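Summary of the model geometry
One-letter residues, chain by chain:
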Amino acid sequence: MKIQRKYMAHYLNARFASDSTGKDDYIRLGKDLEEYSPELSANVEKKSNILGQTSVTIDSYQKQGEVSPYYAEEGDALFTKLQAIIDGDMVLDDLKTDIVEVKLWDKDSAGAYPAVKEECYIEIVSYGGDTTGYQIPFNVHYTGVKSKGTFNSATNTFTAE
């Protein structure tokens, strides 16, 4: 049986690395998104030898996801952080946070789901938008620094293995 898309959840942490106080504040992406698909760009090396054989080496991936549209909502922690990035012209580690990918089709007995947390950086693409509302589309650039664990969607908490 096919797994419905709604069961692959992506929670972005609205508490960035530069926020030294407070606790993680995971916001589920998807309210206004018709699609969120992190793209995998592989580093591929192909070599041909004199025998006419080709060897292929894939040694890494660069992963990126696009969140567009993102409609700003008053009181939303992610909107507050995105607006602070715009207002403060933030760069470097001020853009660093993490994202958790949660497999909601595989609940355990304690009510948590298997998850992978990955460090990422947020890149604001633009802001403004049309008459449908104030928009702040952004890209999520994954670093590859991951930890496996579980995510409790009732409490929005990630627990590393």
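Higher on the page you've got the structure.
Residues numbered from 1 in each chain as written. Predicted model: local features only at pLDDT ≥ 70, side-chain atom pairs only at ≥ 80, totals over all residues. Heavy atoms only, no water.

Tallying each qualifying case throughout the model produces six salt bridges. For the salt bridge of Glu45 with Lys47, the shortest nitrogen-to-oxygen distance reads 3.4 Å. Of the charged contacts, one joins Lys63 and Glu118 as a salt bridge, the two residues approaching to 3.4 Å between their closest N and O atoms. A residue pair is termed long-range when its members are at least 10 positions apart, and Lys63 in strand E4 (residues 54–67) and Glu118 in strand E6 (residues 113–124) qualify at 55 residues. When its relative accessible area of 15% is taken as the criterion, Lys63 is described as buried. One salt-bridge network, held together by shared partners, links Lys63, Glu101 and Glu118. (Salt bridge = Lys/Arg side-chain N within 4 Å of Asp/Glu carboxyl O. Helix = DSSP H or I, 4+ residues; strand = E, 2+ residues; numbered from the N terminus. Buried < 20%, exposed > 50% of the residue type's maximum accessible area, 1.4 Å probe, protein only.)

We now examine the pairing of strand E1 (residues 8–13). Counting buried positions along E1 gives five out of six residues, so the element sits mostly inside the fold. For E1 and strand E2 (residues 26–28), the ladder comprises three bridges, and the chain directions are antiparallel. Counterpart to Leu12 in the pairing with E2 is Ile27. (Pairing = 2+ DSSP bridges.)

To continue, consider the nonpolar core. Counting residues in hydrophobic clusters, the biggest one holds 22 residues, and the most contacted among them are Leu29, Leu78, Phe138 and Val140. Of the residues forming this core, the biggest block, five residues, is contributed by helix H1 (residues 77–88). Apart from residues lying up to four places away in sequence, Phe138 is in contact with Leu12, Leu29, Gly65, Glu66, Val67, Tyr70, Leu78, Leu82, Ile122, Glu123, Ile124 and Val125. Judged by nonpolar contacts, the second largest core, of ten residues, contains Tyr11, Tyr26, Leu104 and Tyr113. (Core = buried A, V, L, I, M, F, W, Y, C linked by side-chain atoms within 4.5 Å. Contact = heavy atoms within 4.5 Å.)

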